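Okay, here's what each chain looks like letter by letter:
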Amino acid sequence: MRVRVLGRSGGYPRPGEACSGYLVEAAGRRLLVDLGHGVLSRLLLHVDPYRLDVVVLSHLHPDHVADVPALRVALRWGRKPPSWPGRLPVLAPVAAPEYFAHVVGEQALDELDFYALSESEPVDLDGVQLRFRRTRHPVETYAVRLEAHGSVLVYTADTSPSEGVAELSRGADVLLAEATLSEAYADRAEAAGHMTGSQAGKLAREAGVRRLLLTHFFPTSDPQEPVAAAQAAFDGPVEAVREGEVYEV
Ligand SMILES: [Zn+2]
Ligand SMILES: [Zn+2]
């Protein structure tokens, strides 16, 4: 399994970059996890959108879904290969169809087949198993655990420190964790629904993961600050993801 980072900004994109978006390739499948501002442009550098098997949307904040309407237009008017089934499955919070219909009209639902995410309903995608856990964030948000051929990747999505997300992350090879907040704002994590670098490090330690990748950096922050803070809390390797980079799981 490998994950390519298409965007790593939280809230709004840092100059020249994109918000949350991760292309996961595993067991011959291509999964796009989140699709924030600027992600479609990065995605198209690497994969034809008709070759995606599924899109997973962790939650309906714009920095995770802003490019969904653009993806729909690309699917609608692009050069469709004859083998394309005509609709792309999208796993998302239950309100997603109504949300996108409100933004772009009912035609939003023509190319996208929405399935509601649920903690109690794992998804098996021909060799890739997905499980979900609600996070601690102001709107309905899901962390995602992906397993294929014995490798495990967990993406925290947006969350403040959460026992449920730690449980979902247990024993993961790679934990892709948000580290939005500067250490100075640790006391605001709960209200903001985000983590600092040290909180992400503590999560990685409690979950016993092998490697910690930090993401969802606020555009005015220095990604190296949460890396240093996380390293103080977690013994394993820690790094800040870079846009366009591929990470083996
Ligand atoms: Zn976000
Ligand atoms: Zn959010």
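Note that this is a predicted model, so its numbers are computed, not measured.

**Student:** Break down the coordination of the zinc ion (ligand 2) for me, with residues and values.
**Tutor:** Six octahedral donors around a metal ideally sit at 90 or 180 degrees from one another, while four tetrahedral donors ideally sit at 109.5 degrees. All of the protein donors around the zinc ion (ligand 2) are His59 (NE2), His61 (ND1), His137 (NE2) and Asp158 (OD); their distances to the metal are 2.2 to 2.4 Å. Metal-centred angles of 90 to 168 degrees between the four donor atoms at the zinc ion (ligand 2) mark the site as irregular. All donor residues of the zinc ion (ligand 2) come from one chain, and their arrangement in sequence is H-x1-H-x75-H-x20-D. A gap of 3.5 Å separates the zinc ion (ligand 2) and the zinc ion (ligand 1), which Asp158 links by coordinating each metal. Here Asp158 lies in the loop between strand E10 (151-155) and helix H5 (163-168) and His59 lies in the loop between strand E4 (54-56) and helix H2 (62-65), a separation of 99 residues in the sequence. For His59, a relative accessible area of 0% corresponds to the buried category. Take Asp158: its relative accessible area is 1%, and that puts it in the buried class.

**Student:** Outline the packing of aromatic side chains, listing residues and values.
**Tutor:** Within this structure, the stated rule accounts for five aromatic pairs. The interplanar angle of 55 degrees and the centroid separation of 5.1 Å between the aromatic rings of Tyr22 and Tyr155 together place this pair among those described as tilted. Highlighted residues: Tyr22 in strand E2 (residues 21-26) and Tyr155 in strand E10, separated in sequence by 133 residues. The residues Tyr22 and Tyr155 share a single accessibility class, namely buried. A ring pair is formed by Phe100 and Phe114, whose centres lie 5.7 Å apart and whose planes are at 15 degrees; its orientation type is stacked. Taken together, the residues span a long stretch of sequence, with Phe100 in helix H4 (residues 96-104) and Phe114 in strand E6 (residues 112-116) at a distance of 14 residues.

**Student:** Can you explain the pattern of salt bridges? Please cite residues and give values.
**Tutor:** In total, this model carries 16 salt bridges according to the counting rule given. Glu17 is the partner of Arg8 in a salt bridge, and the nearest nitrogen-oxygen pair spans 3.0 Å. As far as burial versus exposure is concerned, Arg8 and Glu17 are alike and both buried. In this structure, Asp113 and Arg87 form a salt bridge, with 2.8 Å as the shortest nitrogen-oxygen distance. Of this pair, Asp113 sits in strand E6 while Arg87 sits in the loop between helix H3 (68-77) and strand E5 (88-92); the two residues are 26 residues apart in sequence, bridging distant segments of the chain. A relative accessible area of 24% places Asp113 in the partly exposed class. Within this structure, Arg72, Arg76, Asp110 and Glu111 form a network of salt bridges that share partners.

**Student:** Go over unusual backbone geometry with me, naming the residues and quoting the values.
**Tutor:** Of note in the backbone geometry, Asp126 takes a positive phi value of approximately 45 degrees without being a glycine. Here Asp126 lies in the loop between strand E7 (123-124) and strand E8 (129-134). Overall, the relative accessible area of 56% leaves Asp126 in the exposed class. Phi at Ala157 is positive, roughly 55 degrees, even though this residue is not glycine. By secondary structure assignment, the location of Ala157 is in the loop between E10 and H5.

**Student:** Which residues make up the coordination of the zinc ion (ligand 1), and what are the values?
**Tutor:** The zinc ion (ligand 1) binds to the protein through Asp63 (OD), His64 (NE2), Asp158 (OD) and His216 (NE2); the donor distances cover 2.1 to 2.2 Å. Its relative accessible area of 6% is what places Asp63 among the buried residues. Residue classification places His216 among the buried positions, given a relative accessible area of 2%.

Cut-off values and rules
- Residues numbered from 1 in each chain as written.
- Chains lettered and ligands numbered in written order.
- Predicted model: local features only at pLDDT ≥ 70, side-chain atom pairs only at ≥ 80, totals over all residues.
- Heavy atoms only, no water.
- Donors = N, O, S within 2.8 Å, 3.2 Å for Na, K, Ca; no water.
- Tetrahedral: all angles 85-135°; square planar, octahedral: opposite > 155°, others 65-115°.
- Helix = DSSP H or I, 4+ residues; strand = E, 2+ residues; numbered from the N terminus.
- Buried < 20%, exposed > 50% of the residue type's maximum accessible area, 1.4 Å probe, protein only.
- Phe/Tyr/Trp six-rings, centres within 6.5 Å; stacked < 30°, edge-to-face > 60°.
- Salt bridge = Lys/Arg side-chain N within 4 Å of Asp/Glu carboxyl O.

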